[in-house]
Amino acid sequence: MRNPFEFGSVVGATAFCNRKRELADLTHAMESSQKLFLYSERRVGKTSLVQFALSKLPKKHYATVYVDLWPTDGEASFIMATAKAITESLGTNAGQMLDAAKRLFGRLVASVSVDDQGHPRVNFSLGSGLPTAPTLEEVLQAPARIAAEGTRRVVIVFDEFQRIMEYDDDRVERQLRSLIQKQQNVCYLFLGSRKHVIQKMFLDRSRPLYRAAAHYPLGPIEPAAWVPFISTRFRAARKQVEEATIREICKQTEGHPFYTQHLCSLLWERCEPGGKVGPAELEQGLRLLLDRESYAYSTLWDSLALNQRRLLQGLALEQNGVRVFSADFVSRYGLGSPSSAQRAAQSLLNKDLIDRDQGTFLITDRFFRLWVARVQAA
């Protein structure tokens, strides 16, 4: 039987745990052409959730565009990625894609190739000597032009949106702000996984996209939803897992979907049909998982400065919500002074090892947190 616990990639409906309210909220946002900023930690499942919501929209009435900005590094690559995603959403064969490209992107040169699965893929290049600014405006106007045809609403998703903060200038942000607020029947979803970066983009008055979209934080999943999800999948394979053990799994992973599914996948594999997962089996599974990650975590740990390690030790050992700049925390973990703790926290934020969380910080990798608590803080 195939392992029912999926992690590390976009998951489909059968691998989804709960998210019913979030799915309903996103569907409503798409249907009402809202502008929405969806943010969370990494690996919480934003992309899976949004793509599942997109799949529910009737193709006859919606043009859905998914733009992955992770590979982009500036305005030119943003233009190419966005134009490519829009064009491929409008056709299933080379002829349809080329027609859409010519109709929408007269300033770009389009070509079509075939991928390893035999599917057509469109590629663009900038015309020789042409400035990018008019081309950027043309690309960002395309969703409104599609919607203005009157047959379909448009939903456009920008994933890993924080990447544009790394561009050489803020022209993409300024153009987005100028154009999207005027567009009708177009829903924009901005997805981001570095909360402190994304929040700065939309909450900092000095940024072009300040208050340009409503906010929708995506958090972990509660144990009440995990219990039936996990137990049902074990029972389907004639395996058992106690409810108390599931709740302990959720405690160890803090309900984070990636780490919960990862741990459950390992426990499911180790449990034979007719067997049961209890506290002892959970502990064995955690030890095995942390042993597998030990080399990578040790290498990472050795690369950190002393105060960075001490701050991580405190975050790993303390309850969520601890104030890391308080005199008690600074003294307890030998950080020297609140300003030293602030410098250590900023360095760890820059390394994406911690993230802001309701006035404090958390270690983003739940297994790294466990490793620090068990190996480095014991």
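Residue positions are counted from 1 within each chain, in the order its sequence is given. For this predicted model, a pLDDT threshold of at least 70 governs which residues receive local features, and a threshold of 80 or more governs which side-chain atom pairs are given and counted, while totals over whole chains, interfaces and linings are taken from all residues. Heavy atoms throughout the structure, all of them, feed into the side-chain values; hydrogens and water do not.

Before going further, it helps to examine helix α4 (residues 94-104). Those residues of α4 not exposed but buried are Met97, Ala100, Ala101 and Leu104. Across the axial projection of α4, the buried residues extend over an arc of 100°, all falling on one side. For α4, exposure combined with an orientation more than 90 degrees from the buried face picks out Asp99 and Lys102. Contacts are assigned to residue pairs that have any heavy atoms within 4.5 Å of one another. Each helix is a run of H or I in the DSSP string that is no shorter than four residues. Each strand is a run of E no shorter than two, and both are numbered from the N terminus. Residues of α4 that are buried sit in contact with α3 (75-89), β3 (108-114), β4 (120-126) and α5 (132-148). Only protein chains enter the accessibility calculation, which uses a 1.4 Å probe. A residue is then buried if its area is under 20% of the maximum for its type, exposed if over 50%, and partly exposed in between. Directions are taken from the helix axis to each C-beta atom, and the arc is the one they span.

Next up on the list: the side chain of Gln308. Its place among the elements puts Gln308 in helix α12 (residues 306-317). By relative accessible area, Gln308 is classed as buried at 10%. Here Gln308 is in contact with Ala344, Ser347, Leu348 and Lys351, once residues within four sequence places are set aside.

For strand β5 (residues 153-159), the buried fraction is high: six of the seven residues fall into the buried class. DSSP-based pairing: two strands are paired if at least 2 bridges between them are found. Note that strand β2 (residues 62-68) and β5 share seven bridges and pair parallel. Residue pairing in the sheet places Tyr66 in a bridge with Val157 of β5. The pairing of β5 with strand β6 (residues 186-192) spans five bridges and is classified as parallel. Note that in β6 the partner of Phe158 across the bridge is Phe190. For the crossover from β5 across helix α6 (residues 171-180) to β6, the handedness is right-handed. For the handedness criterion, the strands are oriented away from the viewer, and a crossover whose path from the first strand over the helix to the second runs clockwise is classed as right-handed.

A few words now on the sheet that holds β5. The strand order across the open sheet formed by five strands is β2-β5-β6-β1-β7, and the pairing between neighbours is parallel. Edge strands, defined here as strands with exactly one partner in the open sheet, are β2 and β7 (214-217). Taken over all neighbouring pairs, the strand axes of this sheet differ in orientation by 20° on average, direction set aside. To define axes, lines are fitted to C-alpha atoms, for helices over the stretch in contact only, and angles between the resulting N-to-C directions are given on a 0 to 180 degree scale. Against the sheet, helix α7 (residues 195-203) contacts β1 (35-39), β6 and β7, and its axis sits at roughly 155° relative to β1.

Read these as geometric descriptors, not functional statements.
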